[in-house]
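The primary structure of each chain is shown beneath.
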Amino acid sequence: MKKADRTKSGIIFNIQKFSVNDGPGIRTVVFFKGCPLRCRWCSNPESQLSVPQILWNEKQCTHCLHCTETCPEHAVLLQQGRIHINAGICSNCLQCVNECPGKALKSEGENKTVEEILNTVLQDQVFYEESGGGITLSGGEFLSQPSFAEELLLASKEEGLHTCCETTGYAQPEIFQRIIRHVDYILFDMKHWDEKKHIEGTGGSNKLPLSNMAYAIQTKKTVLPRIPVIPGFNDSPKDATQFSKKLLELGIKKCQLLPFHQFGENKYDLLNKEYDYRNILSLHREDLEDYLKIFHANNIEAFF
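Residues numbered from 1 in each chain as written. Predicted model: local features only at pLDDT ≥ 70, side-chain atom pairs only at ≥ 80, totals over all residues. Heavy atoms only, no water.

1. Digging into helix α3 (residues 114-121)
For clarity, the cut-off: Each residue gets one of three labels from its accessible area relative to the maximum for its type: buried under 20%, exposed over 50%, partly exposed in between, using a 1.4 Å probe on protein chains only. Working definition: helices are DSSP H or I runs of at least four residues, strands are E runs of at least two. Numbering for both runs from the N terminus. What the arc describes is the spread of directions from the helix axis to the C-beta atoms. Contacts are assigned to residue pairs that have any heavy atoms within 4.5 Å of one another.
Restricting attention to buried positions, one finds in α3 the residues V114, I117, L118 and V121. Seen from one end, α3 has its buried residues packed into an arc of 100 degrees, which puts them on one side. Packing partners of the buried residues in α3 comprise β1 (9-19), β2 (27-32), β7 (110-113), α4 (125-131), β8 (134-138) and α5 (146-158).

Here it is in structure tokens:
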């Protein structure tokens with residue numbers, strides 16, 4: 001196995017320590033920026049673009065308009081009483097962020113090298129050893145930065161870390177196969193069993209994800225499908241039945257259900273983006289008991 005290039009850099013938007021929900025044991029989760037899909041319910045909309053972004057907090061804004069005057073690229077605009085940042089021309093010089101008197105502007109996303117990330121991850125190595133944890137790559141979609149992901153996984157393996165990823169599987173097979181061989185445990189998002197509905201909800205077909213999931217299973221990887229249960233999208237009894245059928249076809253008998261939540265709703269305001277699921281009530285476990293039972297009736301060990 002080749003030696004990792006620890007000078008390789010990529011764009012991340014968060015490192016979350018002491019996670020117990022993103023793979024076995026205690027883990028440190030590295031969130032990659034950039035995703036090829038546009039899920040209408042996305043709880044991390046700041047992860048979708050692969051470049052750093054400036055977020056605007058209206059509650060802290062004094063409306064002095066200094067940001068519009070100081071931006072050298074003229075990327076900060078006042079439109080209908082709201083501050084908008086054109087990410088397409090923003091150079092991320094952070095002049096507007098640094099000079100905002102109300103601290104209403106915040107940069108989301110930064111370049112980090114493999115070495116810098118590992119320095120943070122390895123601070124908690126003793127907890128990984130005691131709990132069977134390690135590093136998890138998430139996003140966005142970590143496969144959208146394949147070279148960076150590969151070097152980070154290689155370096156993690158050199159340090160003896162257990163590796164995990166959370167992925168949509170939406171990547172070309174050659175990329176998926178090259179990267180996934182360095183991953184011990186795969187949390188595989190499964191948005192919909194029907195291609196047309198998958199396109200409606202995410203902007204992309206489910207053919208690539210299903211094909212890549214099948215490959216991972218065939219190569220004996222540990223795969224846990226995770227189904228985000230979204231109101232009006234994939235939460236019907238028929239959906240539960242068809243998900244079960246598809247999982248059995250793939251040779252999987254276990255999956256996790258993730259009830260829809262509104263933790264990311266405020267982020268759409270910060271990004272000045274429309275949110276299709278605004279004011280839609282969150283789902284709770286008790287709302288999905290009948291849904292869960294359908295999986296069990298079809299010999300799928302589904303759990304929350």
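2. Side note on the nonpolar core
Note the threshold: The definition of a nonpolar core used throughout is a set of buried Ala, Val, Leu, Ile, Met, Phe, Trp, Tyr and Cys residues joined through side-chain atoms within 4.5 Å.
Counting residues in hydrophobic clusters, the biggest one holds 65 residues, and the most contacted among them are L137, F142, L257 and F295. The biggest single contributor to this core is α5, with six residues. Contacts of F295, omitting those with residues within four sequence positions, involve I227, A240, F243, S244, L247, C255, L257, I300 and A302. Counting 13 residues, the second largest nonpolar core, distinct from the first, contains I54, W56, C67 and V76.

3. Observations regarding a nonpolar patch on the surface
This is how the line gets drawn: Any residue with relative accessible area above 30% and no salt bridge may belong to a patch, with like charges joined within 9 Å and the nonpolar Val, Leu, Ile, Met, Phe, Trp and Tyr side chains within 5 Å. The protein chains shown are the only cover counted for residues, whose accessible areas, like all others here, come from Shrake-Rupley with a 1.4 Å probe. For salt bridges, the criterion is a side-chain nitrogen of Lys or Arg within 4 Å of an Asp or Glu carboxyl oxygen.
The grouping of F18, V126 and F127 at the surface amounts to a nonpolar patch, some 250 Å² of accessible area in total. Mapping F18 onto the fold places it in strand β1. Taking the relative accessible area as the measure of exposure, F18 reaches 46% and is therefore partly exposed.

4. A closer look at the side chain of Q256
Position of Q256 among the secondary structure elements: in strand β12 (residues 254-259). Not counting residues within four places of it along the chain, the set of residues in contact with Q256 comprises L224, P225, R226, I227, F303 and F304.

5. Some details on the packing of aromatic side chains
Under the convention used in this document: Aromatic contacts are taken between Phe, Tyr and Trp rings whose centres are within 6.5 Å, Trp giving its six-membered ring; a plane angle under 30 degrees counts as stacked, one over 60 as edge-to-face, and the others as tilted.
Here the structure, examined in full by the defined rule, presents ten aromatic pairs. Taking the centre distance of 5.6 Å and the plane angle of 50 degrees together, the rings of F13 and F31 count as tilted. Of this pair, F13 sits in strand β1 while F31 is found in strand β2, placing the two residues 18 residues apart along the sequence. We classify F13 as buried; its relative accessible area is 12%. Here the aromatic rings of F176 and F188 are separated by 6.0 Å at their centres, their planes lie at 50 degrees, and the arrangement is tilted. Residue F176 is found in helix α6 (residues 173-180), and its partner F188 is found in strand β10 (residues 185-189); the two are separated by twelve residues along the sequence. A relative accessible area of 0% means that F176 is categorised as buried.

Geometric values such as these leave the question of function open.
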